[in-house]
Amino acid sequence: MKPVTTLSETGPPRRPPRKPWHNYLRTAFWVILGFVITIAAWQAIITIRDVPNYVVPPPGDVWESLNNDFDTLWRNTKPTAIESIGGFLIGSGGAIVLAIVFVHSRILRRMFLPVVIVIRTIPVVAIAPVLVLMLGNGLAPKLVIAALISFFPTLVNMVEGLESVNSQSLELFRVLSANRWEVFWKLRIYKSLPFLFASLKIASTASVIGAVVAEWIGSDKGLGALIILSTFNFRTSLLYATMVFASILALVLFASVALLERLVVRWQPE
């Protein structure tokens, strides 16, 4: 005869785990609610304070500009996207290679890491005119500036990730007679991937900022040039619509890196 179990022994019934699409819907709800509250507060402040439209346009005017000037916005988004993606890939790729060199050569790290830090301390607005004078008004200076902004966070996090291997794991690989490259490919690289993708998320959005700033100086196309043009012409609604497109571009790059992280770093918890 099987013993009878009571509710006090088994405890209350457990709630079934929430399905993934329920979590997505819940997250989307809070995100949409946050945007709705922000836009409502924006409209309320403009109405209460009687802010002129040429200073801060109401959300309705920005939406109208997004519809009426969509072709102009899209046409100027394409070069900015090319500059941002190209600079992000060049800067992040170079940072990964240099981080590997720094981890395997302490001498080179002591020699050139201070140089990298000094270059990073130079404001982008100050270095942009120099690059335009050196490389012209074409694509090259925009790529370089976007790459410089993407370079530093990726380098620092990649070095930190490659060196985050604990001593027990290193000792185990030594016992197994693993050489330096086996330690790198089978231990260090896996340990560094969460650090790398965290930096790539930052670099992907920063590259858009770099491309826009580069377009402020010596460019007649792109979102940065459109920002300058709309500011000088007092088209504030177009200015805000351009910022919306720049934010969307940055979000797309961020989401692409996040999706790639989920596909590659499968051993991380959700």
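Calculation notes
- Numbers given to residues run from 1 along each chain, matching the order in which its sequence is written.
- With pLDDT at 70 or above as the cut-off, local features in this predicted model cover only qualifying residues; side-chain atom pairs require 80 or more to be listed or tallied, and sums for whole chains, interfaces and linings still use all residues.
- To obtain the side-chain values, all non-hydrogen atoms of the structure were used and water was disregarded.
- The way it works is that DSSP assigns letters per residue, a run of H or I at least four long becomes a helix, a run of E at least two long becomes a strand, and they are numbered from the N terminus.
- In this treatment the radius of gyration is a C-alpha quantity, and the globule benchmark scales as 2.2 Å times the residue count to the 0.38 power.
- Only protein chains enter the calculation, and the probe is 1.4 Å; a residue is then buried if its accessible area is under 20% of its type maximum, exposed if over 50%, and partly exposed in between.
- We call two residues contacting when some pair of their heavy atoms lies within 4.5 Å.
- A pocket here means an open set of points on a 1 Å grid, computed over the protein atoms alone, that has protein on both sides within 12 Å along at least five of seven lines. A cavity is instead a set of points where a 1.4 Å probe fits but cannot get out; residues with an atom within 4 Å of a point line either one.
- Grid points are joined across faces, edges and corners, and a volume is the space filled by probe spheres set on the points.
- Known as pLDDT, the predictor's per-residue confidence is scaled from 0 to 100.
- Each Phe, Tyr or Trp ring (for Trp, its six-membered ring) is paired with any other whose centre lies within 6.5 Å, and the angle between the two planes then decides the class: stacked below 30 degrees, edge-to-face above 60, tilted in between.
- Every angle, taken between N-to-C directions, lies between 0 and 180 degrees, and every axis is a line fitted to C-alpha atoms, over only the stretch in contact when it is a helix.
- Each angle is binned into one of four classes, with values under 35 degrees roughly parallel, values over 145 roughly antiparallel, values of 65 to 115 roughly perpendicular, and all other values oblique.
- Note: crossing handedness is left-handed where the near helix turns anticlockwise from the far helix by less than a right angle, and right-handed where it turns clockwise.
- Lys, Arg, Asp and Glu make up the charged group, whereas Ala, Val, Leu, Ile, Met, Phe, Trp, Tyr, Cys and Pro make up the nonpolar group; the residues left over, Gly among them, are polar.
- For this analysis, a salt bridge means a side-chain nitrogen from Lys or Arg found within 4 Å of a carboxyl oxygen belonging to Asp or Glu.
- In this analysis, a patch consists of residues with relative accessible area above 30% that form no salt bridge, clustered at 9 Å for like charges and at 5 Å for the nonpolar side chains Val, Leu, Ile, Met, Phe, Trp and Tyr.
- Note on areas: Shrake-Rupley, 1.4 Å probe, and residue coverage restricted to the protein chains presented here.
- Nonpolar cores are built from buried Ala, Val, Leu, Ile, Met, Phe, Trp, Tyr and Cys residues. Side-chain atoms within 4.5 Å join them into one set.

Here we take up the overall build of the chain. Along the chain, the regular secondary structure elements total eleven helices and zero strands. Listed N to C, the secondary structure of the chain is α-α-α-α-α-α-α-α-α-α-α in terms of helices and strands. For 270 residues, the compact-globule formula gives about 18 Å, and the C-alpha radius of gyration of the chain, at 25 Å, lies well above that figure. Along the first, second and third principal axes, the C-alpha atoms of the chain reach 80 × 65 × 30 Å. Expressed as a percentage of its 270 residues, the buried residues of the chain come to 34%. The contacts in the chain between residues at least 6 apart in sequence include a share of 73% that link residues at least 24 apart.

Excluding glycine, most residues fall at negative phi; most peptide bonds, likewise, are trans. For Asp50, which is not glycine, the phi dihedral falls at a positive 55°. Tracing the chain through its elements places Asp50 in the loop between α2 (20-49) and α3 (59-68). Although it is not a glycine, Phe234 adopts a positive phi angle of roughly 55°. Assignment of secondary structure puts Phe234 in the loop between α10 (223-232) and α11 (236-264).

What follows covers the side chain of Asp69. Of note, Asp69 is situated in the loop between α3 and α4 (70-104). Apart from residues no more than four positions distant in its own chain, Asp69 is found in contact with Arg235 and Leu238.

Next up on the list: the layout of surface pockets. Taken as a whole, the largest pocket encloses approximately 440 Å³ of empty space. Looking at the largest pocket, it is lined by 13 residues, and the ones nearest its centre are Phe35, Ile39, Trp42, Leu66 and Val244. Put simply, the parts of the chain that give the lining of the largest pocket at least two residues each are α2, α3 and α11. In terms of residues, the lining of the largest pocket owes the most to one element, α11, which gives six residues.

Our next topic: the confidence of the model for the chain. A residue-level look at the chain finds 91% of positions with pLDDT of 70 or above and a mean pLDDT of 84. Segment residues 5-13: pLDDT under 50, and four contacts once partners within four positions in sequence are set aside and those in other chains are kept.

Bringing the packing of aromatic side chains into the picture now. Scanning the entire structure with this criterion turns up three aromatic pairs. With centroids separated by 5.9 Å and ring planes inclined at 65°, the aromatic side chains of Phe70 and Phe245 adopt a geometry described as edge-to-face. On the criterion of sequence distance, the pair formed by Phe70 in helix α4 and Phe245 in helix α11 is long-range, its members being 175 residues apart. On the basis of relative accessibility, which here comes to 12%, the residue Phe245 falls in the buried class.

Quick look at the packing of α10 against α11 now. Two elements in contact, α10 and α11, have axes separated by 9 Å at closest approach and are oriented at 165°. Compared by their axis directions, α10 and α11 come out roughly antiparallel. The crossing of α10 and α11 is left-handed. Note on element contacts: α11 touches α10 through Leu238, Leu239, Thr242, Phe245 and Ala246, opposite Leu223, Leu226, Ile227, Ser230 and Thr231. A breakdown of the residues in the contact of α10 with α11 according to their chemical character gives seven nonpolar, three polar and no charged.

Within this structure, the stated rule accounts for four salt bridges. For Glu163, the salt bridge goes to Arg109, with nearest N and O atoms at 2.4 Å. Here Arg109 lies in helix α5 (residues 106-121) and Glu163 lies in the loop between α7 (139-162) and α8 (167-175), a separation of 54 residues in the sequence. The structure contains a network of salt bridges with shared partners spanning Arg106, Arg109 and Glu163.

Let's shift gears to a nonpolar patch on the surface. Together, Val97, Val101, Ile107, Leu108, Met111, Phe112, Val115, Ile119 and Leu148 line one region of the surface with nonpolar side chains, adding up to about 740 Å² of accessible area. Within the residue set of the nonpolar patch, elements represented by two or more residues are α4 and α5. Take the nonpolar patch: its biggest share by element is six residues, from α5. Given the relative accessible area of 32%, Leu148 is considered partly exposed.

Grouped together as the largest cluster of nonpolar side chains are 21 residues, with contacts concentrated most on Ala99, Leu155, Met158, Val159, Leu162, Phe197 and Leu200. Aside from chain neighbours lying at most four places away, what touches Leu200 is Phe88, Ser92, Thr154 and Val257.

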